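Reading the structure
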Amino acid sequence: QVQLVESGGGLVQAGDSLRLSCAASGRTISNDRMGWFRQVPGKEREFVAAIDWSGTYYADSVKDRFTISRDNAKNTGNLQMNSLKPEDTAVYYCAVQTFAGLIRLVTTYNYWGQGTQVTVSS
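The model shown is predicted, which means the values in this text are computed figures rather than measured ones.

1. Looking at the pairing of strand β8 (residues 76-81)
- Counting buried positions along β8 gives six out of six residues, so the element sits mostly inside the fold.
- Judged by which residues are buried, β8 turns out to be covered on both faces: Thr-76, Asn-78 and Gln-80 on one side and Gly-77, Leu-79 and Met-81 on the other are all buried.
- Pairing geometry for strand β3 (residues 18-25) and β8, over six bridges, is antiparallel. When the sheet's bridge partners are listed, Leu-18 is paired in β8 with Met-81.
- Turn length for the strand β7 (residues 66-71)-β8 hairpin, with the two strands adjacent in sequence and antiparallel, is four residues, and the turn residue Asn-75 shows positive phi of about 55°.

2. Quick word on the side chain of Asp-52
- The residue Asp-52 is located in the loop between β5 (46-51) and β6 (56-58) in this model.
- Side-chain polar atoms of Asp-52 contact the backbone nitrogen of Ser-54, separated by 2.8 Å.
- Polar contacts involving the side chain of Asp-52 include one to the side chain of Tyr-57, which spans 3.0 Å.
- Sequence-distant contacts of Asp-52, defined by excluding residues within four places in its chain, comprise Asp-32, Arg-33, Tyr-57, Arg-70 and Ile-103.

How each quantity is defined
- Residues numbered from 1 in each chain as written.
- Predicted model: local features only at pLDDT ≥ 70, side-chain atom pairs only at ≥ 80, totals over all residues.
- Heavy atoms only, no water.
- Buried < 20%, exposed > 50% of the residue type's maximum accessible area, 1.4 Å probe, protein only.
- Helix = DSSP H or I, 4+ residues; strand = E, 2+ residues; numbered from the N terminus.
- Pairing = 2+ DSSP bridges.
- Polar contact = N/O pair within 3.5 Å; in protein donor to acceptor, adjacent residues only side chain to side chain.
- Contact = heavy atoms within 4.5 Å.

Structure below.
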């Protein structure tokens with residue numbers, strides 16, 4: 001059974017930083033693609049960042065502010081979020097894609113975490 005558990009969300013002020021973590025169990029994810037997505041009420045889940053065997057990828061809205069990484073020894077992914085803005089407020093989800101799918105497409109990820117709330121006040 002593959003399980004992803006996000007942590008690190010919280011309430012911060014604009015300009016602050018948060019580091020989200022995604023702990024994976026039941027599967028070694030070092031050779032998989034891990035993505036972060038976020039969702040706010042009334043909107044579709046949107047791509048934030050991903051990391052795979054080739055490199056890293058970011059949505060334009062977070063490029064230069066967020067950094068995705070992974071610690072293979074811990075079988076964990078991380079999303080460092082700097083210079084947070086109120087519009088970053090969302091539930092953030094960790095996801096893993098175990099096949100060669102489209103990087104930014106929600107439906108290509110087959111494992112998902114429960115989500116962690118990030119709230120950025122102005």
